[in-house]
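# Examination of the molecular architecture
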Amino acid sequence: MPEIRRICAQDLKTCANQLCIGDKILLSGYVYTARDAAHKRIAALLDEGGTLPFPIEGAVVYYAGPTPAPPGKPIGSCGPTTSGRMDPYAPRLLDLGLAAMIGKGERSQEVRDAVARNQAVYLCAVGGAGALAARCIKKMEVIAFEDLGCESVKKLYIEDFPLVVCNDAQGGDLFSQGRAAFAAAL
């Protein structure tokens, strides 16, 4: 059985080139949530020369729109959203130093190229398990675009968040390679 590696989110920029597609990791540290509406505003800020709501260099963005926190919890359900909707924005953010993205689903060739070019990584979380994922979130703070509700940018502190490497710094793509392996087995 493959080893599951524990990795600090703030170390992803320096260790991304050591991760390969299919690697399983438990991620801990600070990550930021951002979905479609937040990405559109972030792009507008960049176009205007504005300041981003979080330092992009070495950051990890989780494509999620958490539900409100029930009593005694830092957050409600917090599962990944479909990453492809952020594909128009991802290469630019990667070129600015984004270390990793967390979501679900396949990415475009342009994003995969930007991941490899920038020695970054795309990590997949299990879709449909938002309540389970929320157990790994220990703190949550809204840091930007509060008017967007669940799509506001949030700073999360996560512990042992289970993820799989789906696009690696060497250009590997778990989705296309998985399909090819399946077809070859037929």
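Everything numeric here is computed off the predicted structure, so don't read it as measured data.

This brings us to the nonpolar core. Among the nonpolar cores identified, the biggest contains 29 residues, and Leu12, Leu27, Tyr62, Ile102, Leu123 and Phe161 are the most heavily contacted of them. Counting only elements with at least two residues in this core, the list comes to α1 (12–15), β2 (24–33), β3 (60–62), β4 (100–103), β5 (121–124), α5 (130–134) and β7 (153–167). For this core, the element with the most residues is β7, which contributes five residues. Apart from residues lying up to four places away in sequence, Leu123 is in contact with Leu12, Ile25, Leu27, Ala100, Met101, Ile102, Gly103, Leu163, Val164 and Val165.

Another point: unusual backbone geometry. Phi at Gln119 takes a positive value of approximately 50°, unusual for a residue other than glycine. Residue placement: Gln119 occurs in the loop between α4 (109–117) and β5. Classification of Gln119 as partly exposed rests on a relative accessible area of 33%. At Asp160, a residue that is not glycine, the phi angle is positive and equals roughly 50°. Residue placement: Asp160 occurs in strand β7.

Our next topic: the packing of aromatic side chains. One pass over the full model with this rule turns up three aromatic pairs. Ring geometry for Tyr32 versus Phe54: centroids 4.3 Å apart, planes at 10°, classification stacked. Residue Tyr32 is located in strand β2, and its partner Phe54 is located in the loop between α2 (36–48) and β3; the two are separated by 22 residues in the primary sequence. According to the relative accessible area criterion, Tyr32 is buried, its value standing at 10%. Sitting above the plane of the Tyr122 ring, Arg107 keeps its charged end 4.8 Å from the centroid. A cation over a ring is seen here: Lys139 above Tyr157, with NZ or CZ 5.9 Å from the ring centre.

Here we come to α4. Among the residues making up α4, those that are buried are Val111, Arg112, Ala114 and Val115. The buried residues of α4 all sit within an arc of 160° when viewed along its axis, so they share a single face. Away from its buried face by more than 90 degrees, α4 exposes Glu110 and Arg117. Tucked inside the fold, the buried residues of α4 contact α3 (90–95), β4, β5 and β7. In the stretch just after α4, Gln119 is the one whose phi turns positive, near 50°.

Definitions and limits used
- Residues numbered from 1 in each chain as written.
- Predicted model: local features only at pLDDT ≥ 70, side-chain atom pairs only at ≥ 80, totals over all residues.
- Heavy atoms only, no water.
- Core = buried A, V, L, I, M, F, W, Y, C linked by side-chain atoms within 4.5 Å.
- Buried < 20%, exposed > 50% of the residue type's maximum accessible area, 1.4 Å probe, protein only.
- Helix = DSSP H or I, 4+ residues; strand = E, 2+ residues; numbered from the N terminus.
- Contact = heavy atoms within 4.5 Å.
- Phe/Tyr/Trp six-rings, centres within 6.5 Å; stacked < 30°, edge-to-face > 60°.
- Lys NZ or Arg CZ within 6 Å of the ring centre and 35° of its normal.
- Arc of directions from axis to C-beta.

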